[in-house]
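# Inside the fold
In case you want the letters, here they are:
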Amino acid sequence: MTDAEKRRRLEKEKARAQEEANTADPSIAEAPTPQEAEYVPDGGKDAWVVVVGSSLALFASAGMINAYGTFQDYYEATLLPSSPSSSISLIGSLQVFFLYLLGTFTGRIFDAYGTKYLIPAGSFICVFSMMMVSLCQKDQAYQLFLSQGVLFGIGIALLFSPSLAVLGHWFRKRRALAIGLTTGGSATGGVIMPIILEQLIPRVGFGWACRIVAFILMACLIVSCLTIRTRLPLSGRISFRTAIDFGGFKDPRYTLATIGSFLLFYGFFIPYFYLQLYAKYRSVQPHIANYLLAILNAMNVPSRIIPGWLADKTGPLSVFIPAAAICTILILGLWLPSQSAGAIITFAALYGLVSGSFVSLLPTYIATISPREVYGARLGSVYMIVGVATLVGTPTGGALLKEHDEQHFRNLIIFCGVMTAAGTAVLAMAGVVGSRRLRQWLRRPWRRDKDLEESDKAGDSC
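Figured I'd write up the structure that's included with this text.

Calculation criteria
- Residues numbered from 1 in each chain as written.
- Predicted model: local features only at pLDDT ≥ 70, side-chain atom pairs only at ≥ 80, totals over all residues.
- Heavy atoms only, no water.
- Helix = DSSP H or I, 4+ residues; strand = E, 2+ residues; numbered from the N terminus.
- Buried < 20%, exposed > 50% of the residue type's maximum accessible area, 1.4 Å probe, protein only.
- Contact = heavy atoms within 4.5 Å.
- Areas by Shrake-Rupley, 256 points an atom, 1.4 Å probe, with all protein chains shown as cover.
- Phe/Tyr/Trp six-rings, centres within 6.5 Å; stacked < 30°, edge-to-face > 60°.
- Lys NZ or Arg CZ within 6 Å of the ring centre and 35° of its normal.
- Axes fitted to C-alpha atoms, helices over the stretch in contact; angles between N-to-C directions.
- Parallel < 35°, antiparallel > 145°, perpendicular 65-115°, else oblique.
- Nonpolar A, V, L, I, M, F, W, Y, C, P; charged D, E, K, R; others polar.
- Salt bridge = Lys/Arg side-chain N within 4 Å of Asp/Glu carboxyl O.
- Core = buried A, V, L, I, M, F, W, Y, C linked by side-chain atoms within 4.5 Å.
- Expected span 1.5 Å × (residues − 1).
- Patch = residues over 30% accessible without salt bridge, like charges linked within 9 Å, V, L, I, M, F, W, Y side chains within 5 Å.

## Notes on the overall build of the protein
A count of helical and extended segments in the protein gives 21 helices and 0 strands. Residues classed as buried in the protein amount to 49% of the 462 residues present. Expressed as a percentage of contacts within the protein between residues at least 6 apart in sequence, the contacts between residues at least 24 apart total 82%. Entry remark: accessible area of the protein is about 21700 Å², with carbon and sulfur atoms responsible for 62%.

Given below as structure tokens:
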């Protein structure tokens, strides 16, 4: 046998052995090569199907947070009449708190195992939670705290981060568009769910209204479980040690952005929770007041997409700071003196249009000032602090609203406006610290005065 024949025979044996190994362990054959792992479709049927599934997941989970104002109104008037506003608003705040607190850790689970366990588990918990809410009895606040506050909050946390993180497996250049469309699902949920509840509660009662909503959530989440899937290799190992990174606080820009975000989100959800109550106090017709939350959330849809597009061109803070300043003006200049239905509707539409940018621009700015390898951990640290703000912000507002009268509503609105103004000022300080050109411009008057003093001294010495 010649050397060439020996080589051909050896190659055939190697090929046969590789084929047998792949047959025994399909994961070897299916493992993508580095070139395949680097490739990102950036579109196509499979990618857009994932976007649809992720949008439905956020519609059914985070959309319910945006609809909590309807629950707040019903609880204060009917289900929990003996509970103060601060305690009732804490139920909705718990949902947001768990979303931000657990989001970092669910992100680490996603890195290890993808959506295989998180999406089904979150779907089951959300549907089960709404079924339990339908069984809650009058003046039994602890039942709603456990079912809607804690349980539903955990379910949202399991769904939210994976539904957004999976888009990175399918999109790169068009990722901002995909994320904008997906987060628009939560705003859409905030539009549709209040309308459904307002129509169902008078007709079938609160219990069956919640059960019907639970069935709607189940239908959406079944589609999400079937369509959301990962594409890139997963680590298969969970490490929570790198989930949080406090090293970013050595950077003054990061510190100021965190403080500013805490102040902004302290008052961010107050209009979402209390605007409907304020409209009813001002004797706005029920068929208008009951749809204010839907109007506010409907205007959130473009504000999740357009500011991100502008931030790509001008920088996140160049959009974030003006948006926060406009929200301050709207709260103190429009909501505070408003008494008519037209003024209240205008505030709901404009505040929804501008405030929705907060959610998308905060992680965008943190990404620009953080090293890529620690971005997730630093964003997790910010979200933990923001979670505390959302937990105590609306209950603080509820504590100011002891009675539904002129003075207490005025105190609530002024508090919301002052917190937003303070957050805007701190964000502006972060912009000054991060801009070399602006720092130089601010130093010019001081340098000019110093030059004049030196020239005067020189003239005196002559």
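On we go from here.
## Concerning the packing of aromatic side chains
For the structure on display, the rule yields 31 aromatic pairs. For the ring pair Phe124 and Phe128, a centre distance of 5.9 Å and an interplane angle of 10° mean the geometry is stacked. Taken together, the residues Phe124 and Phe128, both in helix H8 (residues 118-133) and 4 residues apart, mark about one turn of the helix. On the accessibility criterion, Phe124 (57% relative accessible area) is exposed. Judged by centre distance (5.4 Å) and plane angle (25°), the rings of Phe347 and Tyr351 are stacked. Placement of both Phe347 and Tyr351 in helix H17 (residues 341-355) is noted, with a separation of 4 residues, approximately one turn of the helix. According to the relative accessible area criterion, Phe347 is buried, its value standing at 0%. Sitting over the ring of Trp208, Arg211 keeps its end group 4.9 Å from the ring centre.

## Here we look at unusual backbone geometry
You will see that Asp139, though not glycine, has its phi angle at about 60°, which is positive. Looking at the element boundaries, Asp139 is found in the loop between H8 and helix H9 (141-165). Looking at Asp139, the relative accessible area reads 34%, which means it is partly exposed. Located in the positive-phi region is Ser283, a residue other than glycine, with phi close to 65°. Inspection of the secondary structure puts Ser283 in the loop between helix H12 (270-281) and helix H13 (286-289).

## Regarding the packing of helix H11 (residues 252-268) against H12
Working note: a packed helix pair is described by the angle between its axes plus the distance between those axes. Their axes nearest at 6 Å, the elements H11 and H12 cross at an angle of 25°. Compared by their axis directions, H11 and H12 come out roughly parallel. Counted together, Tyr266, Gly267 and Phe268 of H11 and Ile270, Pro271 and Tyr272 of H12 form the full contact between these two elements. Looking at the contact of H11 with H12, its residues break down into 5 nonpolar, 1 polar and no charged.

## Some remarks on the pattern of salt bridges
Counted according to the given criterion, the structure contains 5 salt bridges. For Asp251, the salt bridge goes to Arg253, with nearest N and O atoms at 2.9 Å. For Asp251, a relative accessible area of 16% gives the class buried. Arg282 is the partner of Glu406 in a salt bridge, and the nearest nitrogen-oxygen pair spans 2.9 Å. Highlighted residues: Glu406 in helix H20 (residues 406-434) and Arg282 in the loop between H12 and H13, separated in sequence by 124 residues. Classification of Glu406 by relative accessible area gives partly exposed; the value is 32%. Residues participating in the shared-partner salt-bridge network are Arg282, Glu406 and Arg410.

## Regarding the environment of Ala219
Relative to the elements of secondary structure, Ala219 occurs in helix H10 (residues 175-227). As for Ala219 and Leu56, which are separated by 163 residues in sequence, their C-alpha atoms are 9.4 Å apart.

## With respect to the nonpolar core
Residues Phe71, Tyr75, Met130, Phe206, Leu217 and Phe358 are the most contacted members of the largest nonpolar core, which totals 121 residues. Element by element, the count of residues in this core is highest for H10, at 13 residues. Contacts of Tyr75, omitting those with residues within four sequence positions, involve Tyr68, Leu80, Pro81, Ile88, Val133, Leu144, Gln148 and Phe206.

## Considerations on helix H4 (residues 45-60)
With 16 residues, H4 should reach 22 Å at 1.5 Å per residue; the first-to-last C-alpha distance of 23 Å fits that figure. All of the buried residues along H4 are Ala47, Val50, Val51, Gly53, Ser54, Ser55, Ala57, Leu58, Phe59 and Ala60.

## Things to note about a nonpolar patch on the surface
Residues Leu177, Leu181, Ile305, Ile306, Trp309 and Leu310 make up a contiguous nonpolar surface patch of roughly 520 Å² in combined accessible area. Sorting the residues of the nonpolar patch by element identifies H10 and helix H15 (300-314) as the ones contributing at least two each. At 4 residues, H15 tops the list of elements feeding residues into the nonpolar patch. Position of Trp309 among the secondary structure elements: in helix H15.

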